[in-house]
4 protein chains.
Amino acid sequence: MTEKLRIAVLGASGYTGADLVRLLACHPYAEMVLLTANAHAGKPMGQVYPHLRSLKLPRLIKWEEADWSGVDAVFCGLPHGTTQEIVAQLPEGLKVIDLSADFRLTDLPTYAQWYGHEHRAPHLQPEAVYGLSELNREAVQRARLVACPGCYPTATLLALAPALSAGLIEPDDIIIDAKSGVTGAGRSVKENLMFCEVAEGLRPYGVGSHRHMPEIEQELGRAAGRTLAVNFTPHLVPMNRGELVTCYVRLAGGADADRLRTVLTERYEAEPFVEVLPAGELAATHMVRGSNRCVISVVKDRLPGRAIVISAIDNLVKGSSGQAIQNMNLMFGLPETLGLEQLPLFP
Amino acid sequence: MTEKLRIAVLGASGYTGADLVRLLACHPYAEMVLLTANAHAGKPMGQVYPHLRSLKLPRLIKWEEADWSGVDAVFCGLPHGTTQEIVAQLPEGLKVIDLSADFRLTDLPTYAQWYGHEHRAPHLQPEAVYGLSELNREAVQRARLVACPGCYPTATLLALAPALSAGLIEPDDIIIDAKSGVTGAGRSVKENLMFCEVAEGLRPYGVGSHRHMPEIEQELGRAAGRTLAVNFTPHLVPMNRGELVTCYVRLAGGADADRLRTVLTERYEAEPFVEVLPAGELAATHMVRGSNRCVISVVKDRLPGRAIVISAIDNLVKGSSGQAIQNMNLMFGLPETLGLEQLPLFP
Amino acid sequence: MTEKLRIAVLGASGYTGADLVRLLACHPYAEMVLLTANAHAGKPMGQVYPHLRSLKLPRLIKWEEADWSGVDAVFCGLPHGTTQEIVAQLPEGLKVIDLSADFRLTDLPTYAQWYGHEHRAPHLQPEAVYGLSELNREAVQRARLVACPGCYPTATLLALAPALSAGLIEPDDIIIDAKSGVTGAGRSVKENLMFCEVAEGLRPYGVGSHRHMPEIEQELGRAAGRTLAVNFTPHLVPMNRGELVTCYVRLAGGADADRLRTVLTERYEAEPFVEVLPAGELAATHMVRGSNRCVISVVKDRLPGRAIVISAIDNLVKGSSGQAIQNMNLMFGLPETLGLEQLPLFP
Amino acid sequence: MTEKLRIAVLGASGYTGADLVRLLACHPYAEMVLLTANAHAGKPMGQVYPHLRSLKLPRLIKWEEADWSGVDAVFCGLPHGTTQEIVAQLPEGLKVIDLSADFRLTDLPTYAQWYGHEHRAPHLQPEAVYGLSELNREAVQRARLVACPGCYPTATLLALAPALSAGLIEPDDIIIDAKSGVTGAGRSVKENLMFCEVAEGLRPYGVGSHRHMPEIEQELGRAAGRTLAVNFTPHLVPMNRGELVTCYVRLAGGADADRLRTVLTERYEAEPFVEVLPAGELAATHMVRGSNRCVISVVKDRLPGRAIVISAIDNLVKGSSGQAIQNMNLMFGLPETLGLEQLPLFP
């Protein structure tokens with residue numbers, strides 16, 4: 001392949017948009033030809049994100065002003081709700097990698113229940129492929145419209161889905177205690193995300209009501225072969241990036257923690273971005289910061305018949321922009337790791 | 001009461017020692033007459049902790065050099081193991097408030113199993129009173145030797161013990177996902193506690209092996225009226241102070257989450273330092289930083305028959321030094337809140 | 001004195017308002033009878049600041065609804081500009097401790113230049129006393145209207161004013177490199193104060209244009225006995241509280257750094273809240289967090305004839321709410337340290 | 001060029017070593033064939049730095065065990081003092097990129113004075129080239145032994161050296177207020193670098209005694225064409241990475257701040273890693289985190305005849321490992337930006 005893909009990024013002024021630009025700028029076969037950010041239209045990207053000012057990039061425009069001719073792929077980093085309306089208006093055949101929640105839920109009533117309105121592009125939902133690259137690779141390769149998973153679902157599904165598929169854990173007793181850095185909330189300006197409200201403290205939020213829950217249940221249910229419900233409790237941690245889910249599960253099928261670890265290790269052995277740690281080593285977000293990697297630990301629980309599965313990602317990379325690029329690579333037949341080779345930044 | 005209590009603080013150079021000094025210095029009926037710190041013997045306290053340099057305090061000495069005549073109460077902030085040997089040598093009748101783990105476990109084989117050696121002052125164990133002030137007030141009032149609880153047990157027991165006593169939760173399905181600031185590890189100089197190893201990240205630690213576990217099980221078992229085992233999984237959060245436990249419990253006795261909240265609210269209504277939040281408000285460590293308070297939330301779980309109980313404390317205050325002073329107040333018949341009226345520091 | 005002062009706090013929902021409430025609640029002779037916060041009128045304070053929810057406090061009202069009868073003192077934590085209009089409408093004779101910048105600048109054209117509008121209560125300016133307690137104690141004691149200094153001026157003036165008065169440093173070569181925690185910017189919701197925009201980074205701001213500059217120049221000029229101009233360059237540090245100014249000065253009058261330290265030490269010897277550190281010890285914000293203290297270091301510069309004076313305060317306490325209470329104590333003939341005995345919180 | 005350079009990294013277990021490995025692993029023409037870390041000899045690198053565990057790397061060995069045959073270049077990240085002894089024993093002709101201070105000071109008595117011992121490889125000093133790539137490019141290209149600058153000198157010299165060379169600032173009135181993240185102190189385990197000692201605070205350190213001072217003076221003097229002395233005052237900031245120097249200078253040669261900015265802008269126009277910001281934009285460490293970039297602002301001072309030059313780098317990259325790789329590229333005739341294209345990580 002010698003020509004570069006011509007890429008559009010819609011909603012480039014959010015943190016996921018900025019991380020897309022950061023990563024795409026180093027992708028050998030990607031050229032960003034179109035960046036939209038309606039509130040910042042007219043500005044150069046480097047004014048909205050000074051850390052990107054060294055890049056030569058097209059000026060930010062409104063999405064209504066976009067010229068789609070010659071665009072090969074669209075990354076869509078727009079808010080929930082808006083996304084479906086805009087994606088519905090894109091030229092037919094244009095490949096779309098959506099980072100919003102709009103096309104993640106296959107059941108439209110579930111979407112309406114959790115997002116408060118009827119879906120506005122229901123005809124597109126059936127063709128949308130859930131873009132958890134490792135679990136859905138072949139479908140992604142054939143897809144035109146990929147719905148990238150949320151950050152919490154990514155960390156959780158990589159940890160639990162293969163175990164459920166293999167019948168090694170009980171579907172009806174899954175507790176997911178999740179912790180996220182503050183970028184998970186995006187760049188929207190809210191009092192509770194101000195430095196002084198977050199630093200030097202820890203708080204749970206959205207307990208029992210976080211919108212990533214139905215998505216987790218849908219995909220875990222798919223793995224288990226039947227519907228299920230989980231406990232999912234997120235917490236806000238005073239750090240920029242990083243997400244860690246601590247999953248408390250009941251073992252099934254005669255498995256113990258070691259067996260569970262072995263199965264996961266084999267499942268991900270060939271995966272470039274997922275690593276199951278040996279017994280005794282614990283996943284931490286420091287191991288993945290800034291990278292597209294996921295690390296997973298399986299720990300024996302003191303409670304008989306139970307195990308703890310811990311999974312860590314960078315919420316902006318594997319949990320969002322990095323996985324989106326991984327999906328782009330799959331959709332265009334490129335090596336899956338292209339542009340995603342950056343190692344974690346530590347410290 | 002007109003005369004001040006004459007106080008000794010053993011192990012004044014640890015973080016709990018320093019916070020004891022910070023709080024005792026503002027206690028109207030306490031006078032610190034003796035401070036020990038063997039590694040820093042000879043120095044003024046203000047050299048070891050410059051934030052305390054404005055205080056007039058006795059110079060740090062080795063504990064072997066202490067003159068106990070005229071001392072009314074001893075706070076013991078020494079390492080595990082050492083404590084029992086030193087407490088055994090203190091003058092008879094001297095009231096001791098111990099912040100170590102040495103006298104917390106009533107079962108001596110359990111102590112030996114978790115701490116790696118036989119107890120060296122087993123004759124003292126029977127008289128030690130477990131000093132969770134709110135749950136054990138009368139025994140503390142009569143005690144000579146109080147074993148103050150660990151920080152995690154304090155947060156956990158305040159959240160769960162009354163519910164177990166009342167038969168509202170199942171004893172055999174308790175999962176405690178705990179998160180702590182870094183002061184919980186003390187001032188010992190270790191690579192994994194360096195700024196750069198902790199900041200901008202989150203990690204679990206001591207999964208299945210944390211020494212606060214047997215203490216939690218002992219006291220929860222006491223509340224339940226029988227032995228039990230729990231899952232207890234701590235995580236290290238990049239903040240100085242604060243501890244939050246998220247407890248996943250199965251309801252019993254026909255209770256729902258609202259009933260559980262009501263029972264806890266009534267239980268703590270008269271308590272000056274514990275507050276159960278109304279439905280819809282979530283406990284956070286920001287609410288308690290620097291103070292002796294504990295805030296508790298009870299949340300309905302989406303999983304039927306389950307609830308989430310969340311409890312937040314400052315690990316150095318209610319989780320250690322503050323509760324120790326609360327116990328001193330009880331032991332000497334002083335108003336329980338003396339010296340502990342400081343409000344949380346936020347931001 | 002047996003009766004409590006009846007206190008009003010206007011603008012209680014800002015960080016300075018909240019810290020006023022935190023400190024006043026522990027003041028033995030203060031009773032908060034009136035709290036205003038126009039945007040939050042009708043709410044309990046504990047809803048706006050959950051860390052204060054244990055307090056029994058009057059509900060927040062609009063300032064227009066206030067009943068001033070029986071109020072002894074008003075703390076005014078309102079925005080610049082609004083303050084002067086409201087203070088002008090308060091009952092005559094009511095003692096006012098203003099935390100805004102509205103009455104700090106004695107020269108009205110200077111005010112207009114820096115704040116962009118003519119002063120709206122110029123008749124009040126002459127009676128306003130600049131409330132840097134240590135430097136202006138007698139005037140504060142007699143004052144009805146006290147203009148509390150800004151945080152940067154407080155740290156800077158305590159470090160430099162006595163040296164200028166004594167002719168030990170040159171007035172025309174003063175460089176003040178200032179660093180502040182994020183609470184210095186208040187609770188206003190702005191993108192550049194979001195956690196992710198601040199954490200893990202450092203940035204200068206308002207270089208050459210910060211509004212604390214004319215205030216510093218006015219008061220340093222007063223100490224020097226003539227007008228002067230300074231370089232003042234603030235930086236935003238990823239921490240909640242704390243302010244440190246590093247002042248680069250040229251020595252005068254034959255002084256060296258040791259002489260300068262000696263003079264400052266003697267000047268503050270009897271002061272309860274200001275401490276000049278011995279040679280070799282360096283001021284740090286960790287020494288003052290949460291307290292009304294200021295620590296000052298004087299260091300010999302390698303450049304001949306120069307010295308470095310470093311001063312650290314908690315910007316919300318000595319830099320704002322604490323000093324305001326210190327001034328209240330002075331205005332009402334109370335012991336100056338009442339309600340301000342809290343020691344720094346470290347870590 | 002088709003063959004990869006065979007690289008040895010001595011002292012791979014420090015933070016600079018780890019960042020070297022992180023960057024070299026993505027360098028298209030570098031292959032790490034030898035990693036030493038005497039204290040960790042025998043371990044895989046991924047055990048010492050779990051974020052690097054996905055890399056295939058040679059196991060850590062003691063440097064005494066190294067086989068130098070076939071090695072093309074050595075990065076030396078060893079402690080000061082040790083370095084000179086080891087470098088002296090390396091095979092002749094081997095290209096060495098040293099990150100320590102051992103070969104930075106050309107004057108041996110100055111070395112002895114600041115480092116407390118006579119230099120142990122004085123014969124090597126004359127051939128050492130000071131490796132500030134932008135200022136010394138041609139010499140680096142021809143060098144066998146490059147002494148990479150310290151982090152503070154890098155940020156300072158990029159900001160000031162061209163101005164001194166052009167006679168635009170006075171050599172005798174330079175004040176450098178420097179602020180650094182904690183990685184600048186390396187991975188050595190010390191109490192004052194523990195999380196709780198650093199977080200939520202700011203402190204100056206090494207005032208008047210920091211070892212980067214003679215290096216700054218040597219190189220600024222070289223630019224000025226005569227000896228000079230500067231004030232250099234570093235501060236420790238609670239962040240991992242990032243360094244910002246705020247330089248207060250007196251203008252010379254009829255220059256004003258705009259002229260100074262223009263000269264710097266032109267000087268660095270063709271440089272891939274250095275950018276002078278337009279008037280009104282302020283350098284911040286957020287703009288460079290994780291990257292090899294340096295951003296510089298020039299600001300008019302309110303004091304007549306003065307200016308402020310602000311420079312920001314990532315201390316581990318442009319301040320250490322990144323610049324070392326930049327020098328390797330120069331020494332081997334590779335494109336200077338190879339392996340260093342990573343953009344800053346923000347947030």
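Given the structure is predicted, the values throughout are model-derived calculations rather than measurements. (Residues numbered from 1 in each chain as written. Chains lettered and ligands numbered in written order. Predicted model: local features only at pLDDT ≥ 70, side-chain atom pairs only at ≥ 80, totals over all residues. Heavy atoms only, no water.)

Our focus in this paragraph is the interface of chain B and chain C. Interfaces are often sized by the accessible area lost when the parts come together. At the junction of the two partners, chain B supplies 34 residues and chain C supplies 35 residues. Carbon and sulfur atoms make up 62% of the surface buried where chain B meets chain C, a total of about 2900 Å² over both sides. Remark: the boundary between chain B and chain C carries 4 salt bridges. A salt bridge links Glu281(C) to Arg53(B), with the shortest nitrogen-to-oxygen separation between them at 2.4 Å. If you look at where chain B meets chain C, you find 6 residue pairs in polar contact (both at pLDDT 80 or more). Here the side of chain B that touches chain C is composed, by residue class, of 16 nonpolar, 7 polar and 11 charged. (Contact = heavy atoms within 4.5 Å. Buried area = accessible area lost by both parts, 1.4 Å probe. Salt bridge = Lys/Arg side-chain N within 4 Å of Asp/Glu carboxyl O. Polar contact = N/O pair within 3.5 Å; in protein donor to acceptor, adjacent residues only side chain to side chain. Nonpolar A, V, L, I, M, F, W, Y, C, P; charged D, E, K, R; others polar.)

The next point concerns the confidence of the model for chain A. On average, residues of chain A score 97 in pLDDT, and 99% of them reach the 70 mark or higher. Reported for the predicted complex are a pTM of 0.97 and an ipTM of 0.96. (pLDDT = per-residue confidence, 0-100.)

As a further point, take the packing of aromatic side chains. All names here are of chain B. This structure, assessed with the given rule, holds 22 aromatic pairs over all chains. Ring centres of Tyr111 and Tyr115 lie 4.8 Å apart, and the angle between their planes is 10°; on these two criteria the pair is classed as stacked. In this pair, Tyr111 and Tyr115 are both assigned in helix H4 (residues 108-115), 4 residues apart and thus about one turn of the helix distant. We classify Tyr115 as buried; its relative accessible area is 9%. (Phe/Tyr/Trp six-rings, centres within 6.5 Å; stacked < 30°, edge-to-face > 60°. Helix = DSSP H or I, 4+ residues; strand = E, 2+ residues; numbered from the N terminus. Buried < 20%, exposed > 50% of the residue type's maximum accessible area, 1.4 Å probe, protein only.)

Residue and element names in this part refer to chain A. Where helix H1 (residues 15-24) contacts helix H10 (residues 317-331), the two axes come as close as 9 Å, and the packing angle between them is 45°. When the interaxial angle is binned, H1 and H10 end up oblique. Crossing handedness for the pair H1 and H10: right-handed. Judged by residue contacts, Thr16, Asp19, Leu20, Arg22, Leu23 and Leu24 of H1 engage Val317, Ser320, Ser321, Gly322, Ala324, Ile325 and Met328 from H10. Per-class residue counts for the contact of H1 with H10 are 7 nonpolar, 4 polar and 2 charged. (Axes fitted to C-alpha atoms, helices over the stretch in contact; angles between N-to-C directions. Parallel < 35°, antiparallel > 145°, perpendicular 65-115°, else oblique. Left-handed = near helix turned anticlockwise from the far one by under 90°.)

Omega for the peptide link from Phe346(C) to Pro347(C) comes to -5°, which places this bond in the cis form. Its identity as a non-glycine residue notwithstanding, Glu200(D) has a phi of 55°, on the positive side. Inspection of the secondary structure puts Glu200(D) in the loop between helix H7 (195-198) and strand S9 (203-204).

Quick look at the relation of the copies chain B and chain C now. Overlaying chain B on chain C yields an RMSD of 0.0 Å, the required transformation being a rotation through 180° with an accompanying axial translation of 0.0 Å. Read as a symmetry element, the transformation amounts to a two-fold axis. Taken as a fraction of all interface residues of chain B, those also at the interface in chain C reach 100%, which identifies the copy contact as same-surface. (Least-squares fit on C-alpha atoms with pLDDT ≥ 70 in both.)

The subject of this paragraph is empty space enclosed by the protein. According to the stated counting rule, one finds 10 cavities of 30 Å³ or more in the structure shown. Of the voids in this model, the largest cavity is the one considered here, and its volume is about 270 Å³. Around the largest cavity, the lining comprises 21 residues; the ones closest to its centre are Pro238(A), Pro238(B), Pro238(C), Phe195(D) and Pro238(D). Classifying every residue of the lining of the largest cavity by side-chain character gives 15 nonpolar, 2 polar and 4 charged. (1 Å grid on protein atoms, 1.4 Å probe; cavity = no way out; pocket = protein on both sides within 12 Å on 5 of 7 lines; lining within 4 Å. Points joined across faces, edges and corners; volume = space filled by probe spheres on them.)

On the side of chain A, 50 residues touch chain B, which itself brings 51 residues to the contact. The junction of chain B with chain A conceals about 3900 Å² of combined surface from both sides, 61% of it contributed by carbon and sulfur atoms. Of all residues in chain B, the largest losses of buried area upon contact with chain A belong to Glu200(B), Leu202(B) and Arg302(B), amounting jointly to 19% of the total for that side. Linking chain B with chain A are 4 salt bridges, by the criterion used here. Residue Arg302(A) is joined to Glu217(B) by a salt bridge in which the shortest nitrogen-to-oxygen separation is 2.3 Å. Taken together, the connections running from chain B to chain A amount to 24 residue pairs in polar contact (both at pLDDT 80 or more). Only strand S8 (175-180), helix H7 (195-198), strand S9 (203-204), helix H8 (212-224), strand S10 (231-236), strand S11 (243-250) and strand S14 (306-313) of chain B provide two or more residues apiece to the side of chain B that touches chain A. For the side of chain B that touches chain A, a count of residues per class yields 28 nonpolar, 10 polar and 13 charged.

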